[in-house]
Structures are given as C-alpha cells and as structure tokens.
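Per-entry structural report
Single-letter residue listing:
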Amino acid sequence: MENGATTTPPPSLAPHCTWTVYGCCSDNVTATLGVGQAGCPSGHHPFHHEAEIASLSVSTAEGGHQPFHDEAKIASLSDSTARGGHQPFPDEAEIASLSDSTAEGTCDGRRREKEQMVDPASHMVSFTRKLFCQRLHIWIFLQILISTSLILYLQWFWNASSEVLCPIPYNKVSRVHRPFIILLWTLPFREEFPLNQCVERFDITGCFYTADRRFYKNADAVILHHSDIMDNAYSLPRQPRPFNQRWVWFNLEPPSKIFNIDMMENLINVSMTYRRDSDIFTPYGWTLLTNKPQKFRIPVKTRLVAWAASNWDPTIRRVQYYEELKKHLHVDVFGPGHQPLDRDGQLSIFSQYKFYLAFENSDTQDYITEKLWHNALLSGTVPVVLGPPRQNYELFLPSKAFIHVDDFPSAKALAEYLLALDKDDKKYKSYFTWRYRYEVEGTMNWQTHYCKACLYLKNHPTYRTIPSVAKWFTS
C-alpha cells in the first residue's frame with residue numbers, strides 16, 4: 001500500500017463512523033491506512049476493530065495492493081511510517097482517549113448550536129419575566145422609600161407637636177415642684193390654639209396645659225369635650241384612672257344637639273358648660289358693668305332687618321317664626337341657600353341694619369350664643385331674640401338691651417313694632433342707652449374657657465363625683 005493512496009471504505013463501514021463506538025483519528029493515520037474520509041466529520045477518520053482492519057487489508061490487496069497479513073507486519077508498517085514522517089499507529093488506550101475527547105468536543109458544539117436556536121415563544125416568556133422582575137424591584141424600592149419618608153415625617157411631626165404642646169418632659173415631672181397639670185383629652189373640634197397663655201391674658205398662674213396623652217398618669221385633671229367623644233364610648237381614656245385625678249365634662253351644645261350623655265354616669269367630677277349652675281361657667285359672652293361711662297357710637301343705619309342662619313331646619317321654631325314674620329316685614333337672610341356672607345366682614349355688614357334676628361335653635365336654659373353676643377351686640381344693632389324666656393336673658397344683660405319675640409302675641413305684631421321703631425329715632429336710640437355703662441365681651445375663644453378651668457380646679461380641690469350628668473343637663 002503506497003503512502004497517500006486513497007481507498008473508498010465499504011458501505012458496511014460507513015454507518016460505524018460514530019464517535020461513541022469507534023472514534024476518529026488524525027489525517028496522518030488515515031493516510032497510512034489508506035482509508036477515505038467519506039462519511040466522517042471534516043478532519044477526522046474512522047477507526048475500526050482489528051477484525052475490520054484485517055478485512056480492509058484483504059479488500060485492498062484484491063484491488064492491487066499488498067494486504068496486511070499479521071500483527072508483525074502491522075508493527076513493521078507502523079515503524080516504517082514513523083520513520084517516514086508519519087505518526088505511529090496508536091494503541092487501543094490512546095484511541096479510546098482520543099475518541100472520548102473528540103466526542104465531547106462534537107457534542108458540546110451541537111449543544112451550543114441548539115442553545116443558539118432559541119424558540120421565539122420561549123424568548124418572549126423570558127423577556128416578560130425579566131421585565132416583571134425589574135418592575136417588581138422598582139415597586140418594592142418605591143414602597144420602602146415611601147414608608148421610610150412617612151416614618152421620618154411622623155417622627156418629625158410628633159417631635160414638633162411635643163415642642164409646642166409639651167414644653168417639659170412628661171417623664172421628669174415632679175409631683176412636689178410642678179404646676180397643676182390639665183390634660184385636654186381632645187382639642188375641641190380639632191382646632192389648635194395656644195394652650196399656655198393664661199398668665200399673659202388673664203393673670204391666671206400655676207397651671208400647665210397639654211394635649212399630649214403621655215401626661216395622663218401625671219395629670220391632675222382631664223378635660224373631655226363631649227362633641228369629640230360622644231360617637232364612641234371607647235374614645236374615653238382606657239388606662240386605669242390615677243388616684244385623685246378629676247375628669248371635667250366640657251360642652252357648649254344644647255341637649256338636642258348631642259347624644260350619649262349617659263356614658264358619663266359616675267365618671268365626671270366637674271361640669272364645664274354654658275349653664276350658670278355649672279361648676280365652671282363658660283358662656284358665649286357676657287356684659288361687664290364699668291365705673292365710668294363708655295364711649296359708644298351707634299353705627300350709621302341704612303337697612304332694617306338682617307338674619308344669618310347656617311342650619312336651616314323647617315321643623316324648628318325659629319324657621320317657622322321667620323316664615324310668618326316675612327309676610328309682614330322684609331328680612332335680608334344670609335347663609336347657605338341665601339345671600340353669601342364673608343365671615344371676616346360680617347360685623348360691618350350687620351352694623352348697617354337697625355335690627356338683627358338673634359334666633360337660637362333651642363330654647364334651653366341659659367343657651368344664649370354668639371348670635372346675640374357677637375353678631376348683634378358687637379355689630380351695634382338691636383337684637384330681636386328667640387330662645388329661652390325673657391327672664392333668662394335678663395340674667396345676662398339689661399332688659400332694655402333687646403327685644404324678645406315673646407313680648408308680642410304674634411309675628412305680625414312684632415313686625416308692626418319694628419316698623420314703628422324705624423320711624424321713631426328717639427325711641428330706637430333708647431335701646432343703646434345701657435351701652436354707656438356696660439362693656440360687652442362677645443368674642444368667644446377656647447383660651448378663655450380653658451383658663452377658667454385652671455382657676456376653678458386650683459381653688460376647689462375637693463374631690464366629688466356627679467352621679468348623672470344627663471339627668472342634670474337635660475332638666
């Protein structure tokens with residue numbers, strides 16, 4: 001067999017060119033054996049078992065070449081080819097090793113080809129998952145950022161509120177050297193206002209006010225504003241009540257406007273309302289007798305009767321009385337559903353009228369509100385009142401300071417009287433004579449009410465309990 005001769009392998013050998021069974025060798029060995037490359041991967045040639053090599057040798061001998069007869073000649077041929085510059089015929093171990101490495105390389109290549117052939121549907125699913133994960137990470141990050149910001153803001157707000165409402169540390173309050181602590185369980189209608197200005201405004205000393213409930217265990221008194229807690233009994237303090245701590249019931253509404261007074265049974269020690277028989281009397285306004293004449297000037301009048309009504313209820317007496325009165329007298333009505341009213345400029349508007357209808361929504365004892373004190377008296381008009389009886393009004397201001405609807409048999413008679421006063425200037429001015437000897441305090445504010453609590457609680461240390469606030473207040 002000449003060096004470099006080619007011989008086409010029998011068809012029976014072509015199927016055996018698989019790496020797992022026979023393996024491949026280099027081009028040098030193939031050239032030595034005279035085996036062609038057909039049926040094998042590029043650059044590699046098949047190896048065969050010894051019996052097949054012998055059969056191949058016989059077939060080549062029949063084709064005009066010398067066959068391989070025995071192992072000695074094969075070895076001799078291997079030596080000669082080695083001397084001729086070719087690689088020696090490998091042994092079985094080397095063939096197996098080369099076969100394994102080649103098989104691994106080919107299989108890895110095919111695997112990479114399969115991996116590169118990506119299914120479009122699988123690619124879309126993978127892309128969707130990646131996009132979902134990215135958005136999930138962004139959402140989690142935003143949630144953490146928002147939560148952290150909210151926590152920091154609440155901490156700042158709490159500290160800021162504590163600085164305003166709690167100028168002294170609640171856990172360092174000495175019961176020997178400390179002021180009388182008054183806790184506002186709720187700010188009335190959630191309206192904020194300066195708490196500790198009783199000294200500057202009223203010369204009332206010795207009390208410390210706070211809305212910080214951490215002071216509860218150290219508080220000498222707790223003020224409960226009924227309108228803020230009447231919806232739920234659980235809004236009352238739930239902690240054990242400290243010994244000798246007094247609870248103050250604060251209310252400025254009539255019985256018809258509040259409910260759940262019964263939940264205060266045997267809890268309240270001090271009452272604080274607009275009623276004169278309260279422990280702490282907190283009216284909407286009052287008059288002060290002066291020692292020297294006051295300078296009072298009646299505003300210029302260009303109109304007759306005004307009325308401001310925020311709660312229009314046709315079932316209550318004041319609306320029914322107005323409906324009858326307007327049949328005989330024109331009345332300018334302000335409020336929802338009527339003429340607009342600027343609260344900051346309402347006094348200047350009312351001052352242009354000769355009369356103002358100070359109609360209350362209840363005829364309860366002592367319930368005389370800002371409708372009289374602020375809207376009518378501070379604007380310089382003559383109030384026409386509807387509410388408690390005349391005798392009740394006269395406990396608060398002179399009899400000639402107002403006109404009561406009960407003084408007339410009907411709304412028509414009242415209308416005729418007001419029209420007559422409009423024409424009698426001297427008689428109309430007689431309703432202002434008392435203003436030269438009295439001062440009117442008609443500006444209600446929370447500081448005034450709460451500072452009165454300090455004065456009473458310090459001067460009345462006796463502990464007692466009101467059995468039934470409801471029974472007393474509704475009588």
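Let me sum up the structure you'll find in this document. Chains are numbered independently. Their residues run from 1 in the order of the written sequence. pLDDT decides what is reported in this predicted model: residues at 70 or higher carry local features, side-chain atom pairs at 80 or more are listed and counted, and totals for whole chains, interfaces and linings draw on all residues regardless. To get the side-chain values, all heavy atoms of the structure are used, and hydrogens and water are removed first.

Moving on, we come to the state of the cysteines. Here a disulfide denotes one covalent bond, and it connects the sulfur atoms of two cysteines. Working definition: a disulfide is two cysteine sulfur atoms within 2.5 Å of each other. Per the stated rule, a full pass over the model turns up two disulfides. There is a disulfide in this structure between cysteine 198 and cysteine 451, and the S-S distance comes to 2.0 Å. As the torsion about the S-S bond is roughly -90 degrees, the cysteine 198-cysteine 451 disulfide counts as left-handed. On the criterion of sequence distance, the pair formed by cysteine 198 in helix α6 (residues 198-202) and cysteine 451 in helix α14 (residues 446-459) is long-range, its members being 253 residues apart. Cysteine 451 shares its class with cysteine 198; the two are buried. Two residues share a disulfide in this structure: cysteine 207 and cysteine 454, whose sulfurs sit 1.9 Å from each other. Linking cysteine 207 and cysteine 454, the disulfide has an S-S dihedral of approximately 90 degrees and is accordingly described as right-handed. One end of the pair, cysteine 207, is in strand β4 (residues 207-210); the other, cysteine 454, is in helix α14, and 247 residues separate them in sequence. Strands here mean DSSP runs of E at least two residues long; helices mean DSSP runs of H or I at least four residues long; both are numbered from the N terminus. Remark: exposure states derive from per-residue accessible area (1.4 Å probe, protein chains only) relative to the maximum for the residue type, with buried under 20%, exposed over 50%, and partly exposed in between.

Our focus in this paragraph is the environment of histidine 460. Note on placement: histidine 460 falls in the loop between α14 and α15 (469-473). You can call histidine 460 partly exposed: its relative accessible area is 40%.

Bringing the pattern of salt bridges into the picture now. The salt bridge definition used is simple: a Lys or Arg side-chain nitrogen within 4 Å of an Asp or Glu carboxyl oxygen. In this structure the tally under the stated criterion is 14 salt bridges. Across the salt bridge formed by aspartate 366 and arginine 276, the nearest N and O atoms sit 3.1 Å from each other. Taken together, the residues span a long stretch of sequence, with aspartate 366 in the loop between β12 (353-359) and α10 (370-377) and arginine 276 in the loop between β7 (270-273) and β8 (280-281) at a distance of 90 residues. Residue aspartate 366 is classed as buried on the basis of its relative accessible area of 2%. The shortest N-O distance in the salt bridge between glutamate 394 and arginine 390 comes to 3.2 Å. Using a relative accessible area of 35% as the deciding quantity, one classes glutamate 394 as partly exposed. The network of salt bridges with common partners includes Glu360, Glu370 and Lys371.

Here we take up the sheet that holds strand β6 (residues 246-251). The pairing criterion is simple: DSSP has to find at least two bridges between the two strands. The sheet built from six strands is open, its strands ordered β4-β3-β5-β6-β7-β8 with parallel pairing. The strands lining the two open edges of the sheet, one partner per strand, are β4 and β8. Pairing analysis gives four bridges linking β6 to β7, with the strands arranged parallel. Across the sheet, residue tryptophan 249 finds its bridge partner in β7, namely serine 271.

This next bit is on the nonpolar core. Within soluble globular proteins, side chains that are nonpolar tend to cluster in buried spots. Among the nonpolar cores identified, the biggest contains 71 residues, and Ile182, Tyr209, Leu372 and Tyr450 are the most heavily contacted of them. If you tally residues by element for this core, the top one is α14, at seven residues. Here a residue-residue contact requires only that any non-hydrogen atoms of the pair lie within 4.5 Å. Setting aside its immediate chain neighbours within four residues, tyrosine 450 contacts Leu184, Thr186, Pro188, Phe193, Tyr209, Ile223, Phe250 and Met272. For the purposes of this section, nonpolar cores are sets of buried Ala, Val, Leu, Ile, Met, Phe, Trp, Tyr and Cys residues that join through side-chain atoms within 4.5 Å.

Now for α10. Most of α10 is tucked away, with seven of its eight residues classed as buried. All buried positions along α10 are accounted for by Lys371, Leu372, Trp373, His374, Asn375, Ala376 and Leu377.

Our next topic: a nonpolar patch on the surface. For patch building, the residue pool is restricted to those with more than 30% relative accessible area and no salt bridge; the joining distance is 9 Å between like charges and 5 Å between nonpolar side chains (Val, Leu, Ile, Met, Phe, Trp, Tyr). The method behind every accessible area is Shrake-Rupley, applied with a 1.4 Å probe, and residues are considered shielded solely by the protein chains displayed. Side chains of Phe132, Leu136, Trp139, Ile140 and Ile144 sit close together on the surface and give an oily, nonpolar patch of about 530 Å² of accessible area. Among the residues examined, leucine 136 registers a relative accessible area of 36% and is labelled partly exposed.

The subject of this paragraph is the packing of aromatic side chains. For this analysis, a ring pair means two rings from Phe, Tyr or Trp (six-membered ring only for Trp) whose centres lie within 6.5 Å, classed as stacked if their planes differ by under 30 degrees, edge-to-face if by over 60, and tilted for the remaining angles. What the rule picks out here adds up to 27 aromatic pairs. Here the aromatic rings of phenylalanine 296 and tyrosine 436 are separated by 6.4 Å at their centres, their planes lie at 85 degrees, and the arrangement is edge-to-face. Here phenylalanine 296, found in the loop between β9 (286-289) and β10 (303-308), pairs with tyrosine 436, found in the loop between α13 (425-429) and β15 (438-441); they are 140 residues apart in sequence, far enough to count as distant. Residue classification places tyrosine 436 among the partly exposed residues on the basis of a relative accessible area of 35%. Taken together, a centroid distance of 5.7 Å and an interplanar angle of 80 degrees make the contact between tryptophan 312 and tyrosine 322 edge-to-face.

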